[in-house]
Amino acid sequence: MCATDGYQVASHATCSAIEWLQRSQFILWDSSTRTWAATGMGRATSASGLDPHDALLIRQDMARASHSLILPNVTDLHICYLCVPANYKDIRIDWKTYHVLLLNLRGPTARVVELIGVKAGFVQKRWLGNIPESKLSGMYSEDERVSRKLFIALILQDLINEVPPAQIHEKYKVDLPGIRGLQDTCAKTAGMVSRFALEMGWEDLAYLTSKFQGRINLGIKSECTGLTQLTGVKGHRARLLFKAGVKTPEAIVACGVARLAEILSAAGTVNLHGKTEGSAEYKAACTILKSALEYCEGKAKTLQEEAKELLALRRTEDTAEPEPASQNAQSLAAVADEQDGWDVEEEEDEMAGRAEGEAVTCCGNPAAAAATGDSMCRGGAASSEE
């Protein structure tokens, strides 16, 4: 910038950028070191790779979601909404179609629309053309943003639920190229949003968006995600296997390469040597089977290591010798006897002291001594008579 526009322009732009970053709480001034330091928001934005302006909007959406999402009842639509770019404008919206869709939403989906803050009245005004374009970047900018983002999220929800693109085109009146581009863009955004949420301390949202990244990228339901971790299994093949009842890597290993190739070919003709008429399906079946075997072997090894650790822990607990209960009882009894001995000695000392006191009294008073002696004699005689 200095080379093209001059030092003054570059200096002014730099100062303006620093002021905006400070005002938006991306950086702060450390007076002790006299340097600028990144805040938590700044570190999260840098780690995720988000544009700072988009990061502010995504933080706003995620803060609202963190207060309204209840994990057991999370809907696909709300997570799809978080995975849509903050200002996505590559798809033209048919506002009349959008308004009709909003009016027909029911149940949890309608609740999500309410939580996000989309207003059917604003969508109707956009359809009727009652809002000037100049106000869309002003007082209606937030309504415009969340309304556009929800529309994209509705399309994305259908994509990950395996609705054919042709049906999405008819339902939302959008172009097919825009649908394909949307899937790639939202998958990348989901990864960035997941990292942003993790750095900001929203672990639950980070986990949900990271799981959705794979679904968005492949366009599949959650039931098929377990198969897509294998080499050679994408969305279409995962669905073919799932429909055939092969739902786990262990099931792939059990069915064998011939049956696997038959499922993938969809024609279903297999010769005696186990090869399909199309060699591509057979090669894919071998690749998938090999990957499933590696997965199962790794899983078995992990389980064995965990079992060894548990066994070693159990042996350590068994070899430890706690103090027997009998020894504890003996110790308590010894302490009790010792305390009893102390009490007996104290009583004897007290009685001896009392006797000495009486003897001293008697020695000082002969009459009392005589009386005491007579009473003792009388007591002795009485006891002898008895």
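Only a predicted model underlies this, so the values are computations on that prediction, with no experimental measurement involved.

Caption draft 1: Structural context of the overall build of the protein chain. For the protein chain, the helix and strand inventory stands at 18 helices and two strands. Here the protein chain, with 386 residues, has 31% of them falling under the buried criterion. Partitioning the intrachain contacts of the protein chain with sequence separation of at least 6 by distance along the chain shows that 59% fall at a separation of at least 24. Per element, the accessible surface of the protein chain, about 23600 Å² overall, is 54% carbon and sulfur.

Caption draft 2: Examining the confidence of the model for the protein chain more closely. Averaged over the protein chain, the pLDDT score is 79; the fraction of residues at 70 or greater is 76%. Contacts from residues 267-274, a stretch scored under 50 in pLDDT, to residues over four places away or in other chains number nine contacts. Long-range and interchain partners of residues 358-386, a stretch whose pLDDT sits below 50, account for two contacts in this model, where long-range means more than four residues apart.

Caption draft 3: Inspection of the pattern of salt bridges at higher detail. Tallying each qualifying case throughout the model produces 15 salt bridges. Linking Glu142 and Arg145 is a salt bridge whose minimum nitrogen-to-oxygen distance equals 2.9 Å. Here the residue Glu142 and the residue Arg145 both occupy positions in helix H10 (residues 141-160), the gap between them amounting to three residues, near one helical turn.

Caption draft 4: Fine view of the nonpolar core. The biggest cluster of nonpolar side chains holds 57 residues, and the ones touching the most others in it are Met62, Tyr98, Val118, Leu150, Phe151, Phe196 and Ile216. With ten residues, the single largest contributor to this core is H10. Those residues in contact with Ile216 that lie beyond four places of it in its chain are Cys83, Leu156, Ile160, Gln183, Cys186, Ala187 and Ala190. Within the second largest apolar cluster, 19 residues are counted, among which are Leu241, Phe242, Ile263 and Ala284.

Caption draft 5: Just the pairing of strand E2 (residues 35-38), in detail. Pairing of strand E1 (residues 27-30) with E2, which is carried by four bridges, proceeds in the antiparallel orientation. Bridge pairing in E2 links Asp30 to Thr35.

Caption draft 6: Representation of unusual backbone geometry within the structure. A positive phi angle is found at Gln25, which is not glycine, with a value near 65 degrees. Structurally, Gln25 is set in the loop between helix H2 (7-23) and E1.

Caption draft 7: Examining the side chain of His99 more closely. Following the sequence through the fold, His99 ends up in helix H6 (residues 95-104). Every residue in contact with His99, bar those within four places of it in the chain, is listed here: Ala120, Val123, Gln124 and Trp127.

Caption draft 8: Fine view of the packing of aromatic side chains. Counted by the stated rule, this structure contains seven aromatic pairs. Between Phe151 and Tyr172 the ring centres are 5.7 Å apart and the planes differ by 90 degrees, which places this aromatic pair in the edge-to-face class. Taken together, the positions of Phe151 in helix H10 and Tyr172 in helix H11 (residues 165-172) put the pair 21 residues apart, joining distant regions of the chain. In this structure, Phe151 and Tyr172 share a single accessibility class: buried. Within the aromatic cluster, the residues linked to one another by ring pairs are Trp95, Tyr98, Phe122, Tyr140, Phe151 and Tyr172. When the ring centre of Tyr81 is taken as reference, the NZ or CZ atom of Lys149 above it lies at 4.8 Å.

Caption draft 9: Quick peek at the side chain of Gln183. Here Gln183 lies in helix H12 (residues 176-200). Only 3.5 Å separates the side chain of Gln183 from the backbone oxygen of Asn217, close enough to count as a polar contact. The contacts of Gln183, once residues within four sequence positions are left out, are Leu159, Ile216, Asn217, Leu218 and Gly219.

Calculation criteria
Residues numbered from 1 in each chain as written. Predicted model: local features only at pLDDT ≥ 70, side-chain atom pairs only at ≥ 80, totals over all residues. Heavy atoms only, no water. Helix = DSSP H or I, 4+ residues; strand = E, 2+ residues; numbered from the N terminus. Buried < 20%, exposed > 50% of the residue type's maximum accessible area, 1.4 Å probe, protein only. Contact = heavy atoms within 4.5 Å. Areas by Shrake-Rupley, 256 points an atom, 1.4 Å probe, with all protein chains shown as cover. pLDDT = per-residue confidence, 0-100. Salt bridge = Lys/Arg side-chain N within 4 Å of Asp/Glu carboxyl O. Core = buried A, V, L, I, M, F, W, Y, C linked by side-chain atoms within 4.5 Å. Pairing = 2+ DSSP bridges. Phe/Tyr/Trp six-rings, centres within 6.5 Å; stacked < 30°, edge-to-face > 60°. Lys NZ or Arg CZ within 6 Å of the ring centre and 35° of its normal. Polar contact = N/O pair within 3.5 Å; in protein donor to acceptor, adjacent residues only side chain to side chain.

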